[in-house]
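Listed below are the residues making up each chain.
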Amino acid sequence: MRQLNFQVEMDYISCPHTPGDRQNNSTIVYHQNIEINNKPVIVIDDAIESGGTMQRLIAHLSTQFSPSSLAIASLLVKPGRVDIPVKQHFAHLMDSDDMLVGYGLPWNNLNRNLPYISKLKVVDDK
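These numbers come from a predicted model, not from an experiment.

Q: What's the story with the pairing of strand 2 (residues 69–77) in this structure? I'm lost.
A: In the case of a regular strand, side chains alternate between the two sheet surfaces. Relative to strand 2, strand 1 (residues 40–48) runs parallel, the two being bridged by 8 bridges. Each bridged residue has a counterpart across the sheet, and for Asp-45 the counterpart in strand 2 is Ser-74. Taken together, strand 1, helix 1 (residues 52–64) and strand 2 constitute a β-α-β crossover, and its handedness is right-handed. Judged from the 6 bridges that link them, strand 2 and strand 3 (residues 87–93) form a sheet pairing that is parallel.

Put into structure tokens, the structure is as follows:
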């Protein structure tokens, strides 16, 4: 957002998911506060993992509204994601499916506030 040099209106849409779950069927919640019909819309996400949730969000916005265009912007994109038929912009294409935490990325609602991104290391308690 810091890099954009044009006027931006923001709204929020929620579709909770489990990381890596391609069968996400959770409810999409969008309490529309701004008009998006006949306007270009960029859906911003921290990371696209399998892409299933983003695919559902794009389909929802396409069928329930009439944006003039739809695109995706994401910090991280993992390999092996499903095809999402819109223009995609991302900062880093990952070479693995490692789980990441920090800099806004949570795991079990923890570690979102780390000031860096790190690979999650799961410790076995056994």
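Q: Got a minute to help me understand the sheet that holds strand 1 in this structure?
A: Neighbouring strands of a sheet are bound in pairs by backbone hydrogen bonds; such pairs are parallel or else antiparallel. Strand order in the open sheet made by the 3 strands is 1-2-3, with parallel pairing throughout. Of all strands in the sheet, those bounded by a partner on one side alone are strand 1 and strand 3. Across the sheet, the axes of successive neighbouring strands diverge by a mean angle of 15°, strand direction being ignored.

Q: Where do I start with the nonpolar core in this structure?
A: One broad trend across soluble globular proteins is that nonpolar side chains are buried collectively. Ile-36, Val-43, Met-54, Ile-58, Leu-70, Ile-72 and Ile-84 are the most contacted members of the largest nonpolar core, which has 15 residues in total. Broken down by secondary-structure element, the contributors of at least two residues to this core are strand 1, helix 1 and strand 2. Discounting residues that sit within four places of it in the chain, Val-43 has contacts with Met-54, Ile-58, Leu-61, Leu-70, Ala-71, Ile-72 and Ala-73. In terms of nonpolar packing, the next biggest core, distinct from the first, is built from 5 residues, Ala-47, Met-94, Leu-100 and Leu-105 among them.

Q: Quick question: what am I supposed to make of helix 1 here?
A: Because an α-helix completes one turn every 3.6 residues, residues spaced three or four positions apart along the sequence face the same direction. End to end, helix 1 covers 18 Å across 13 residues, agreeing with the expected 18 Å (1.5 Å per residue, within 8%). Within the sequence span of helix 1, burial applies to Gly-52, Thr-53, Met-54, Leu-57, Ile-58 and Leu-61. Contacts made by the buried residues of helix 1 are with strand 1 and strand 2.

Q: Any chance you could explain the pattern of salt bridges here in plain terms?
A: Two side chains bearing opposite charge may form a pair once their charged atoms approach each other closely. Inspection of every chain in the model, using the stated rule, returns 2 salt bridges. Ionic pairing is found between Glu-9 and Lys-39, a salt bridge with its closest N-O pair at 3.3 Å. With Glu-9 in the segment before strand 1 and Lys-39 in the segment before strand 1, this residue pair connects regions lying 30 residues apart in the sequence. For Glu-9, a relative accessible area of 51% corresponds to the exposed category. Its salt-bridge partner being Lys-119, residue Asp-98 comes within 3.9 Å of it at the nearest N-O pair. Placement of the pair is Asp-98 in the loop between strand 3 and strand 4 (100–101) and Lys-119 in strand 5 (residues 118–119), with a sequence separation of 21 residues.

Q: What is the right way to look at unusual backbone geometry in this model?
A: Excluding glycine, residues mostly carry a negative phi; peptide bonds, for their part, are mostly trans. At Asn-108, a position not held by glycine, the phi torsion is positive, near 55°. One can find Asn-108 in the loop between strand 4 and strand 5. Phi at Asn-109 is positive, roughly 60°, even though this residue is not glycine. Here Asn-109 shows up in the loop between strand 4 and strand 5. Accessibility expressed as a relative area gives 70% for Asn-109, which makes it exposed.

The rules behind these values
- Residues numbered from 1 in each chain as written.
- Predicted model: local features only at pLDDT ≥ 70, side-chain atom pairs only at ≥ 80, totals over all residues.
- Heavy atoms only, no water.
- Pairing = 2+ DSSP bridges.
- Helix = DSSP H or I, 4+ residues; strand = E, 2+ residues; numbered from the N terminus.
- Right-handed = clockwise from strand over helix to strand, strands pointing away.
- Axes fitted to C-alpha atoms, helices over the stretch in contact; angles between N-to-C directions.
- Core = buried A, V, L, I, M, F, W, Y, C linked by side-chain atoms within 4.5 Å.
- Buried < 20%, exposed > 50% of the residue type's maximum accessible area, 1.4 Å probe, protein only.
- Contact = heavy atoms within 4.5 Å.
- Expected span 1.5 Å × (residues − 1).
- Salt bridge = Lys/Arg side-chain N within 4 Å of Asp/Glu carboxyl O.

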